[in-house]
Amino acid sequence: MAQQQLVEPGGQLPVGLRLLQLAQHVERVQLVLGALLFPVGFCTLCLLGLNLLTGVFTLVPLAYSDKRPGIDFKALLCNWGLVFVGNFVGASGMLTLFIRAVMRDWMVSTGVFAAMISTSVSGKVIAMSMPNLIFFYLDFEHSIVNMFLFPSGLLLGGEFTIMDYLLWNEIPTVIGNPVGGVTFVGAMIYSTHYKTAPSRKVESDDSVGVPAE
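Residues numbered from 1 in each chain as written. Predicted model: local features only at pLDDT ≥ 70, side-chain atom pairs only at ≥ 80, totals over all residues. Heavy atoms only, no water.

Asker: Outline helix 4 (residues 97-114), supporting the account with residue identities and numerical values.
Answerer: With 18 residues, helix 4 should cover 26 Å at 1.5 Å per step; its first-to-last C-alpha distance of 25 Å lies within 8% of that length. Extensive coverage of helix 4 is indicated by the burial of 13 of its 18 residues. (Helix = DSSP H or I, 4+ residues; strand = E, 2+ residues; numbered from the N terminus. Expected span 1.5 Å × (residues − 1). Buried < 20%, exposed > 50% of the residue type's maximum accessible area, 1.4 Å probe, protein only.)

Asker: Lay out the environment of Ala101 with the relevant residues and their values.
Answerer: If you trace the backbone, Ala101 turns up in helix 4. Taking the C-alpha atoms as reference points, Ala101 and Glu170, 69 residues apart in sequence, are found 9.7 Å from one another. Beyond its immediate chain neighbours, meaning those up to four positions away, Ala101 contacts Glu141, Pro172, Thr173, Gly176 and Asn177. (Contact = heavy atoms within 4.5 Å.)

Asker: Please give an account of the pattern of salt bridges that cites residues and values.
Answerer: Summed over the entire model, instances satisfying the criterion amount to 2 salt bridges. Ionic pairing is found between Arg68 and Asp66, a salt bridge with its closest N-O pair at 2.6 Å. One salt bridge connects Glu141 with Arg100, and the closest N-O pair in it is separated by 2.8 Å. Pair noted here: Glu141 is in the loop between helix 5 (121-137) and helix 6 (143-155) and Arg100 is in helix 4, with a separation of 41 residues, a long-range link. Glu141 gets classed as buried once you look at its relative accessible area, which sits at 8%. By relative accessible area, which is 24% here, Arg100 ends up partly exposed. (Salt bridge = Lys/Arg side-chain N within 4 Å of Asp/Glu carboxyl O.)

Asker: Can you explain the environment of Trp106? Please cite residues and give values.
Answerer: Its place among the elements puts Trp106 in helix 4. Classification of Trp106 as buried rests on a relative accessible area of 19%. Residues Trp106 and Asn177, 71 residues apart in the sequence, show an inter-C-alpha distance of 7.7 Å.

Encoded structure:
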């Protein structure tokens, strides 16, 4: 009995150390995955020509030092303030289902716009994949995906009803998705790029409306 008491701790100690090493390994893997995912947002911002506070801390003072037109000290502070508020609002978290739906379509619509920056198929696929990787990993709400998942859950014996699904998921998600797409992608891209876009001339078709002779 005494020998068993001496042997068992000796055998359990390596097991405990091994579990500790495994936990540390898993933690390191999570850190590496986080490091790989973190640049996705930064790359998306830069490719779409949007502003990040830490970026304008460098670029705007350079424009001010070079005395670029319209860049005075007041404009510098105004830029920093607006970018700070925008970044803060954008990073304020997903507290409700509606916000998760808004964030979901923000990512999906960003992928649609990001595909336009490349002329190659591989570039389009990579640009579309980055924001979609984010929304899938963070488990945002997509109204169309939920149309498949929740009925499938009911068929597999899920303990909820159709009304539960519609009231507590689908309706808030359907409302949140267009808000995210229109507000955070469509309106922002249009408001920041429409002045720099070349004017579009509509060619009139003289043959339309001319009676046949």
